[in-house]
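Breakdown of the fold
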Amino acid sequence: QVRLVESGGGLVQPGGSLRLSCAASGSIFSINAMGWYRQAPGKQRELVARIINRFGETDYADSVKGRFTITRDNAKNEVTLQMNSLKPEDTAVYYCNINAALSFYSNTETFWGQGTQVTVSS
């Protein structure tokens, strides 16, 4: 019912930039939080950045503050992560995440994208 389509991953040299985008579609009534998580090999999935509500309040991992910027287009149900000054330790699979309600009467649910690989290497 809900589909998250991610794009923009790839290979970049240290210090470079990448832009990740995620579009949500399907039977969505409203979206609360939208964000990005990442999981490196052998590590747990962790929050990178999220927009907590439709008013744009944000939350960033300390490791990406000042380098990454998350934005949201409420009309298009899209969330974008601009990643600058990338470091090798940013290498991971990045997952789009939304917290959404499918109807006026339903509780919110969490949905995940399929993941996109980001590799930072020279």
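Now for a look at the structure at hand. Remember, predicted model here, so these are calculated numbers, not experimental data.

Another point: the overall build of the protein. If you tally the helices and strands in the protein, you get 0 helices and 11 strands. Whereas a compact globule of 122 residues would reach a radius of gyration of roughly 14 Å, the protein reaches 14 Å, a difference of no more than 12%. The burial tally for the protein puts 39% of its 122 residues in the buried class. Relative to all contacts within the protein whose residues are 6 or more apart in sequence, the contacts with residues 24 or more apart total 55%.

On to the state of the cysteines, then. Overall, the coordinates contain 1 disulfide when judged by the stated rule. Here C22 connects covalently by a disulfide to C96, the sulfurs 2.1 Å from one another. Its S-S torsion of approximately -80° makes the covalent link between C22 and C96 left-handed. With a gap of 74 residues between them, C22 in strand β3 (residues 18-26) and C96 in strand β9 (residues 92-101) connect regions that are remote in the sequence. By relative accessible area, C22 is classed as buried at 1%.

What follows is about the nonpolar core. Among the nonpolar cores identified, the biggest contains 31 residues, and W36, L81, M83, Y94 and I98 are the most heavily contacted of them. Of all the secondary-structure elements, those providing two or more residues to this core are β1 (2-7), β3, β4 (30-39), β5 (46-51), β7 (68-73), β8 (78-83), β9 and β11 (116-120). Looking at this core element by element, the count peaks at 5 residues for β9. Residues contacting Y94, with those up to four places away along its chain left out, are E6, L20, W36, Y37, R38, V48, F68, L81, M83, G115, T116 and V118.

A word on the environment of S85. Along the chain, S85 turns up in the loop between β8 and β9. Once the C-alpha coordinates of S85 and S17 are considered, the two residues, 68 residues apart in sequence, prove to be 6.2 Å apart. Among residues more than four places away in sequence, those in contact with S85 are G15, G16, S17, R67 and D90.

This part takes up the pairing of β1. Of the two faces of β1, only one is covered, namely that formed by V2, L4 and E6; the face formed by R3, V5 and S7 stays uncovered. In the sheet, β1 pairs with β3 via 6 bridges, with the strands oriented antiparallel. In the sheet register, E6 faces β3, and the bridge partner there is C22.

What counts, and where the lines are drawn
Residues numbered from 1 in each chain as written. Predicted model: local features only at pLDDT ≥ 70, side-chain atom pairs only at ≥ 80, totals over all residues. Heavy atoms only, no water. Helix = DSSP H or I, 4+ residues; strand = E, 2+ residues; numbered from the N terminus. Rg over C-alpha atoms; globule rule 2.2 N^0.38 Å. Buried < 20%, exposed > 50% of the residue type's maximum accessible area, 1.4 Å probe, protein only. Contact = heavy atoms within 4.5 Å. Disulfide = S-S within 2.5 Å. Core = buried A, V, L, I, M, F, W, Y, C linked by side-chain atoms within 4.5 Å. Pairing = 2+ DSSP bridges.

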